[in-house]
Amino acid sequence: MADIAFPSTWTGSVQARQLFKVGDFLGGNKNVINPEESIDVSGHTLVLVDRVIAKLNLEEVPTMHALTRGCCVAVLGLCLWGLVNLAGAAFGDPGEDHDYYLQEIISRQPHYYPEERRRSPESPVERRLKTELKKDKEKRLGAVKNGNKKTDKKANGKTPNSSQETYKAAEEKIEKCPPLGLEALRIDDFQLHASTVKRYGLGAHRGRLNIQAGIFEDDFYDGAWCAGRNDYAQWFEVDARRLTKFTGVVTQGRNSLWSSDWVTSYSVLLSNDSYSWVAVNNGSDDMVFKANQEKAIPVLNEFPTPIVARYIRINPRSWYPDGDICMRVEILGCPMPDPNNYYRRRNEVTTTDDLDFRHHSYKEMRQLMKIVNEQCPNITRIYNIGKSYQGMKLYAIEISDNPGVHEVGEPEFHYSSGAHGNEVLGRELLLLLMQFMCQEYLAGNPRIKHLVEETRIHFLPSVNPDGYEKAYEVGSELVGWSLGRWTHDGVDIMHNFPDLNSVLWEGEERRRGYKNVNNHHLPIPEWYLSDNATQAQVAAETRAVIAWMEKIPFVLGGNLQGGELVVTYPFDMTRFSTKVHEYSATPDDHVFRWLAFSYASTHRLMTDANRRVCHTDDFAKEDGTINGASWHTVAGSMNDFSYLHTNCFEISIYVGCDKFPHESELPDQWENNRESLLVFMEQVHRGIKGIVQDPQGKGIPNAVISVEGINHDITTAIDGDYWRLLNPGEYKVTAKAEGYSSATRNCEVGYDMGATECHFVLTRTNLSRIKEIMEKFGKQPINLSLKRFRRVRHRRRQL
């Protein structure tokens, strides 16, 4: 039997990393194999690293003399038994890094190749993959692809290039993995590392896909990771914290108003221990991936075959000549099953709701609404409010115990979403919400039944279907920050409503000192309604939404948006144009603050003081809410228009940092927002409600309801009913209508949910009775102004 020689001593990190090939020992080779080669035993591969040796506490191994073949096998068997027992002890504390490393080393296949194997056209993994793929191909097709041609192996007796076939076949079967969550913030800052950084604001924690910089790009919030110097030694690293099957990388350049920085090509390296790295290759050579040609549009590069590892590095190889090495990144990968991984388990959220968690095209959205309508025909109704620029109908769904009818005393509520077509999370949340309410109503959920029976609810999932279709076609990771945001004719719907703030404030300035300044139901300016202005500046979708808001007496509404995690309330415009952002309060500021807080406080993340900021603003310190103008001033917003032109109190709800999350994230996002969506709807029943009638019991439409101390009035609906949102307290309320004497009463709002009833009966004035009698007999009354009447009376007295 052949002799086998081991090193006389086994000390130090270099010797500890040495790996030995069993085949060479059994074949009689006395030489020590190069470091970091594998031991292949019965199809299983072991990799020994420093941490294993550290666990074993091996300081010195005495000289080993000649061993027989059987003795060698026995020794290796004992080693394997010892390592397995050691691994079992290590599993006792899954939160410890050393044990996690040991678990990966002992129980997993290798997920990086040694340097020698990277040069070889066929590694053991490649051979196994090649054999499996070849068998599958032969069973299904009886032939093997070689390039773009089909060749019969038996006919020509030739075997295609193994490496090329392996990777081309693997490409066909490659698994589509979701993003790890750099953009969605599921990857924490401490999991991101870099070789060097330009400054803290351009650190690795800012290298997230679609992250936005501040206007002034201060030191803390910039728009990318930027290396401290431009050379080939720079890298950006992500620690997945567990074994992950990596399939691709998405990159962007730096978000900046002043700089142009992006990477044009890069290589990718992977590792299990962050010490030994191997590059992604095509079977023989290391691959260099083409990256960005400008800084905003994301570029996806998929690997030839999925690679399992824990760490992944991006190594820039070239960059824009007039810029620096700067990147924003998303990694695509599937976490490997591992019940012992503490890092994954601690933040995992699951949902028990049986809903359709996926993104829906325009046609699929319509089909889903139809399915819900068929499941719950007694409480749902589908209708459309108009058409988009390209002729797509703007579908809405109504949920009520008497759909299609406004019931006296029942408030109207609405959610809308998708005004920015690329902010799709709100759209999917509304589709999930309508499914959930239908299912729970049929199941007898008392909370949902009370909401449906006491409220008329409207969902408008897609205000801008043209923009959504553009974003949907590209996909969640490649849509970028702005593709699909605007309508087909380039209009931002959220900023396209009439600017009534300026009308209100200019009127107050002109009529300073006068009490009778109109503070509600301000008319739309004539220029906005003209044909030329409408065709040039006002979107068809905006006109449809305005008509919808004027037709239905909404009391409360929320428009769902994306790209941030905050709730904003009016006013959205500063009073003075010289101010970029300044707190601009409405007369109902205290009510709006409560409405915003009711959503944010019941959201799973909005008020979490420990959560990471999405981009540049830390809204958690403001309890997840902010005044719109205090954030940034906007003229012609939907919220301001709704407050000044209708009775509806409207707020904007930014439901997530990621505008277009991968569909795998929808269950988590649903759990984050479900309770908030329901709680906010229930706020429509806070305040006072009632009916304004004449002595005969007939409702008086357009009667004005005023609350003392709040300089904003509302009006009654066509049947004389009204709803006034108020916080708990005692209020002096006055109802008045043209031709009727006003009436005032005290109304108390309690802390319990449910509006306080506060009804009014108004009697006709003497003048209105005279007018009514004269009109009835065909005679027109003389309308004299008060000043003219006093002058006539004064002259008569002088005579």
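Residues numbered from 1 in each chain as written. Predicted model: local features only at pLDDT ≥ 70, side-chain atom pairs only at ≥ 80, totals over all residues. Heavy atoms only, no water.

## Considering the overall build of the protein chain
Within the protein chain one finds 24 helices and 28 strands. Looking at the 799 residues of the protein chain, the share that counts as buried comes to 51%. Long-range pairs, those at least 24 residues apart, make up 75% of the contacts in the protein chain with a sequence separation of at least 6. In the form shown here, the protein chain has an accessible surface area of approximately 38100 Å², with 50% of it arising from carbon and sulfur atoms. (Helix = DSSP H or I, 4+ residues; strand = E, 2+ residues; numbered from the N terminus. Buried < 20%, exposed > 50% of the residue type's maximum accessible area, 1.4 Å probe, protein only. Contact = heavy atoms within 4.5 Å. Areas by Shrake-Rupley, 256 points an atom, 1.4 Å probe, with all protein chains shown as cover.)

## Here we look at the pattern of salt bridges
Per the counting criterion, the structure on display carries 27 salt bridges. Between R186 and E665 there is a salt bridge, with the nearest N and O atoms lying 3.1 Å from each other. Here the residue R186 occupies a position in the loop between α9 (162-172) and β5 (192-194), and E665 occupies one in the loop between β20 (649-656) and α22 (666-682), the gap between them amounting to 479 residues. Two residues, D324 and K198, come together in a salt bridge whose shortest N-O distance is 2.4 Å. Residue D324 is found in the loop between β11 (299-319) and β12 (326-335), and its partner K198 is found in the loop between β5 and β6 (225-226); the two are separated by 126 residues along the sequence. Its relative accessible area of 21% is what places D324 among the partly exposed residues. For K198, a relative accessible area of 41% gives the class partly exposed. Connected through salt bridges with shared partners, the residues R199, D222, R254 and D261 form a single ionic network. (Salt bridge = Lys/Arg side-chain N within 4 Å of Asp/Glu carboxyl O.)

## Comments concerning the pairing of β20
With eight of eight residues buried, β20 is to be regarded as a mostly interior element. With six bridges connecting them, strand β17 (residues 554-561) and β20 associate as parallel partners. Looking across to β20, one finds that N559 is bridged to S652. (Pairing = 2+ DSSP bridges.)

## A word on the nonpolar core
The nonpolar side chains of a soluble globular protein tend to be buried, and buried together. Counting residues in each nonpolar core, the largest one holds 89 residues, and the members touching the most others are Y415, M437, F459 and M681. With ten residues, helix α12 (residues 425-443) is the single largest residue contributor to this core. Once you skip the residues sitting within four places of it in the chain, M437 turns out to touch I399, I448, L451, V452, I457, F459 and M681. Formed by 29 residues, the second largest nonpolar core is a distinct cluster that contains V238, V268, A309 and I314. (Core = buried A, V, L, I, M, F, W, Y, C linked by side-chain atoms within 4.5 Å.)

## Concerning the packing of aromatic side chains
Overall, the coordinates contain 26 aromatic pairs when judged by the stated rule. Summarising the aromatic geometry, the rings of W548 and F554 are spaced 5.0 Å apart at their centres and angled 65 degrees between planes, so their arrangement reads as edge-to-face. For W548, a relative accessible area of 3% corresponds to the buried category. Among the aromatic residues, ring-to-ring pairing joins F413, Y415, F459, Y599 and F680 into one connected group. Lying across the ring of Y468, R427 places its NZ or CZ 3.5 Å from the centre. Here the guanidinium or amino end of K659 rests over the ring plane of W481, the centre of that ring lying 3.9 Å away. (Phe/Tyr/Trp six-rings, centres within 6.5 Å; stacked < 30°, edge-to-face > 60°. Lys NZ or Arg CZ within 6 Å of the ring centre and 35° of its normal.)

## Comments concerning the sheet that holds strand β26 (residues 743-749)
With antiparallel pairing, four strands are arranged side by side in an open sheet as β23-β22-β25-β26. The outermost strands of the open sheet, each flanked by one partner alone, are β23 (710-715) and β26. Each adjacent strand pair in this sheet contributes to an overall mean axis angle of 30 degrees, direction not counted. (Axes fitted to C-alpha atoms, helices over the stretch in contact; angles between N-to-C directions.)

## Things to note about the packing of helix α18 (residues 540-551) against helix α21 (residues 638-645)
Their axes nearest at 11 Å, the elements α18 and α21 cross at an angle of 35 degrees. Considering the relative orientation of α18 and α21, their crossing is right-handed. Here α18 contributes V545, I546, M549 and E550 to the contact with α21, which in turn contributes M638, F641, S642 and H645. Taken together, the residues of the contact of α18 with α21 sort by class into five nonpolar, two polar and one charged. (Left-handed = near helix turned anticlockwise from the far one by under 90°. Nonpolar A, V, L, I, M, F, W, Y, C, P; charged D, E, K, R; others polar.)

## Details of the environment of L478
Mapped onto the elements of the fold, L478 is located in the loop between α14 (465-474) and α15 (500-510). Along the sequence, L478 and F660 sit 182 residues apart, while their C-alpha atoms lie 9.5 Å from each other. In contact with L478, other than residues within four places in its own chain, are V250, P298, V299 and L300.

## Focus on the pairing of β12
Of all ten residues in β12, nine are buried, a share of seventy percent or more. With two bridges joining them, β6 and β12 adopt antiparallel strand pairing. Bridged to W225 within β12 is M327. Pairing geometry for strand β7 (residues 236-252) and β12, over eight bridges, is antiparallel.

## Some thoughts on the environment of P553
Summarising the element assignment, P553 is placed in the loop between α18 and β17. Put simply, P553 and A717 are 164 residues apart on the chain and 6.5 Å apart in space, counted from C-alpha to C-alpha.

## Observations regarding a nonpolar patch on the surface
A contiguous nonpolar surface patch, about 580 Å² in accessible area, is contributed by I215, F216, L257 and W258. Position of L257 relative to the elements: it lies in the loop between β7 and β8 (263-271). (Patch = residues over 30% accessible without salt bridge, like charges linked within 9 Å, V, L, I, M, F, W, Y side chains within 5 Å.)

## With respect to the packing of helix α19 (residues 589-600) against α22
In contact at an axis separation of 8 Å, α19 and α22 are set at 150 degrees when each is read in the N-to-C sense. Here α22 runs roughly antiparallel to α19, going by the angle between their axes. Residues L595, S598 and Y599 of α19 form the contact with α22, whose participating residues are N673, S676, L677, V679 and F680. When its residues are assigned to classes, the contact of α19 with α22 shows five nonpolar, three polar and no charged. (Parallel < 35°, antiparallel > 145°, perpendicular 65-115°, else oblique.)

## Brief notes about the state of the cysteines
A complete count under the given rule lists five disulfides for this structure. At a sulfur-sulfur separation of 1.9 Å, the disulfide partner of C226 is C326. Taking the sign of the torsion about the S-S bond as the criterion, the disulfide between C226 and C326, at about 115 degrees, is right-handed. Of the two residues, C226 is situated in strand β6 and C326 in strand β12; the sequence distance between them amounts to 100 residues. (Disulfide = S-S within 2.5 Å.)

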